[in-house]
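Summary of structural features
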Amino acid sequence: MKPMKSIISRIAILAATACASQAAMAQLSIRDDLGRVIIVKAPATRVVTLAPFLTEMLFEVGAGDLAVGVDEHSDYPPQAFSVPKVPSGASFSIERIAALRPDLVLAWKDGIKREDAERMTAAGAIVYVASARQLEDVSRLMQVIGQLTGRNSTKAIAVYESKLDRLRRENAFKVKLTTFLEIWNRPLTTVSGDFFMSEAMEICRAENVFADKRGSAPKVSWEDLASKDPFLIIGNGSASSPEEFRANWEVRSSLSAVRGHRLLFLADETISRAGPRTPEGIAKLCALLDDVRAGRVVPTAVAAQAPDAQGMPLKPSLGPFTPSLANPVPSALTGPAAAPSAPGNASTAVTASAPAAAPTASTPAPPAGPSKRPSQYGM
């Protein structure tokens, strides 16, 4: 009997070990962008997102049905409007989030304190803190969100990356335009080469004259800008109206971009929010730059919308803008005389303050200057 008992005992031990191994395999261990180790034992069933770009990604990977709360500024996709809103900023409340009983909270690194993330974790929710500063972060985060929710994000990632690859190929050999991107005017603020908006400019062959600055949103002086004297100035979220944008720059007539009326106002949040729709914003930017290169008058409503884009009503200015993924970009039409946009295409309205002078035989090509840093995309 003893040998039989020994065999049964060994079988029981092997069975228990196998069960433990299966449980360990089912358990997901992942590190968030605060460096915290997150242990997930089962896919989430109730999700709260605390930034618009995370809301978009949740829906893009097919897990929007799990959303029980989204950031109050989440405005895409349309289904997000039917989900309870969670206050952010000064109104941020852990109690309001806890009342939704989430088992997963997707938070933005620049919009949450580490101690608040730990408090929500202690209350029983898995908290993944995310940062999206480069275009490749979108793919990475969609994969993570798919893992956390038990959804297959492969298709969403492939679509996103194929759009970027196509834009890189289409624009790879175009003439470079030295460019200043203004995201706020007082104080004058731009983006560095380490931020995805600068990568978007690179794809469109717009050379960020402040790519070598440190930090995502460096402040620059008017003297620094004058020394760079960019060929083109683009505003995004930097004014409450097109008239204000033009007025802010027309007093700087010492700049060649101002004298040449090469002032573009891109009224679109897809270029300033890292997410699945970012390639659409890049396509619109590239179309604008093509008009500048060709010397064409940039029309009031540019049909540069990507095939998959869905028009959304633009919102008025929400005040001073910094490259916060939690805050939507103020949007408006611009131009010498803003005309109505094409039906159903309000979110694609972009204009120039006057006909753009392009590099031609009579107009010297804009200086490209030495590359500030190698592009991770080989362009």
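What you see is a predicted model, and the numbers here were worked out from it, not measured in a lab. (Residues numbered from 1 in each chain as written. Predicted model: local features only at pLDDT ≥ 70, side-chain atom pairs only at ≥ 80, totals over all residues. Heavy atoms only, no water.)

**Concerning the packing of helix α6 (residues 154–171) against helix α11 (residues 278–294)**
- One way to put it is that α6 packs onto α11 with a least axis distance of 10 Å and a crossing angle of 15 degrees. The angle between α6 and α11 falls in the class roughly parallel. Remark: the crossing between α6 and α11 carries left-handed chirality. On α11, the residues touching Y160, K163, L164, L167 and N171 of α6 are P279, E280, I282, A283 and C286. (Axes fitted to C-alpha atoms, helices over the stretch in contact; angles between N-to-C directions. Helix = DSSP H or I, 4+ residues; strand = E, 2+ residues; numbered from the N terminus. Parallel < 35°, antiparallel > 145°, perpendicular 65-115°, else oblique. Left-handed = near helix turned anticlockwise from the far one by under 90°. Contact = heavy atoms within 4.5 Å.)

**Points about the sheet that holds strand β4 (residues 67–71)**
- The sheet built from five strands is open, its strands ordered β5-β4-β3-β6-β7 with parallel pairing. The open sheet is flanked by β5 (85–86) and β7 (126–130), the only strands paired with a single partner.
- Against the sheet, helix α5 (residues 135–149) touches β3 (47–49), β6 (104–108) and β7, its axis set at about 175 degrees to β7. (Pairing = 2+ DSSP bridges.)

**Notes on the nonpolar core**
- Of all hydrophobic cores here, the largest spans 61 residues; its most connected members are L106, Y128, I282 and L289.
- At seven residues, α5 tops the list of elements feeding residues into this core.
- In this structure, F180, V209, F210 and I233 belong to the second largest nonpolar core, which totals 16 residues. (Core = buried A, V, L, I, M, F, W, Y, C linked by side-chain atoms within 4.5 Å. Buried < 20%, exposed > 50% of the residue type's maximum accessible area, 1.4 Å probe, protein only.)

**Comments concerning the state of the cysteines**
- What the rule picks out here adds up to one disulfide.
- Across a sulfur-sulfur distance of 2.0 Å, C204 and C286 are joined as a disulfide pair. Disulfide C204-C286: torsion about the S-S bond near -90 degrees, hence left-handed. Linking C204 in the loop between α7 (196–203) and β11 (206–208) with C286 in helix α11, this pair joins segments that are 82 residues apart in sequence. The pair formed by C204 and C286 is uniform in burial state, with each residue classed as buried. (Disulfide = S-S within 2.5 Å.)

**Some points on unusual backbone geometry**
- Between Y76 and P77 the backbone carries a cis peptide bond, its omega angle lying at 0 degrees.
- Here P77 lies in the loop between β4 and β5.
- In this structure, P187 follows R186 across a cis peptide bond, with omega equal to 0 degrees.
- At R101, a residue that is not glycine, the phi angle is positive and equals roughly 55 degrees.
- For R101, the position within the fold is in the loop between α3 (94–98) and β6.
- You can call R101 exposed: its relative accessible area is 57%.

**As for the packing of aromatic side chains**
- Applying the stated criterion to the full structure yields five aromatic pairs.
- On the basis of an interplanar angle of 80 degrees and a centroid distance of 5.8 Å, the ring pair of F180 and F210 is categorised as edge-to-face. One end of the pair, F180, is in strand β8 (residues 177–182); the other, F210, is in the loop between β11 and α8 (222–228), and 30 residues separate them in sequence.
- A ring pair is formed by F180 and W249, whose centres lie 6.0 Å apart and whose planes are at 65 degrees; its orientation type is edge-to-face. One end of the pair, F180, is in strand β8; the other, W249, is in helix α9 (residues 242–250), and 69 residues separate them in sequence.
- Since its relative accessible area comes to 0%, F180 is described here as buried. (Phe/Tyr/Trp six-rings, centres within 6.5 Å; stacked < 30°, edge-to-face > 60°.)

**Some words on the pairing of strand β2 (residues 37–40)**
- Residues I38 and V40 line the buried face of β2, whereas the alternating positions V37 and I39 sit on a face that is not buried.
- Of the pairings in the sheet, the one linking strand β1 (residues 28–31) to β2 comprises four bridges and is antiparallel in character. Its bridge partner lying in β2, I30 is registered against I38.

**Details of the packing of α5 against α6**
- Interhelical geometry of α5 versus α6 gives an angle of 170 degrees and a closest axis separation of 9 Å. With respect to α6, the element α5 is oriented roughly antiparallel. Residue-level contacts link L135, V138, S139, M142 and Q143 of α5 to A156, I157, Y160, E161 and L164 of α6.

**Looking at the pattern of salt bridges**
- In this structure the tally under the stated criterion is 21 salt bridges.
- The partner of E280 in a salt bridge is K163, with the nearest N and O atoms 4.0 Å apart. Of this pair, E280 sits in helix α11 while K163 sits in helix α6, and the two are 117 residues apart along the sequence. An identical accessibility class is assigned to E280 and K163; each is buried.
- Two residues, R293 and D290, come together in a salt bridge whose shortest N-O distance is 3.2 Å. Remark: D290 and R293 occur in helix α11; sequence separation between them is three residues, near one turn of the helix.
- When salt bridges that share partners are traced, they join E56, D75, E269, R273 and R277 into one network. (Salt bridge = Lys/Arg side-chain N within 4 Å of Asp/Glu carboxyl O.)

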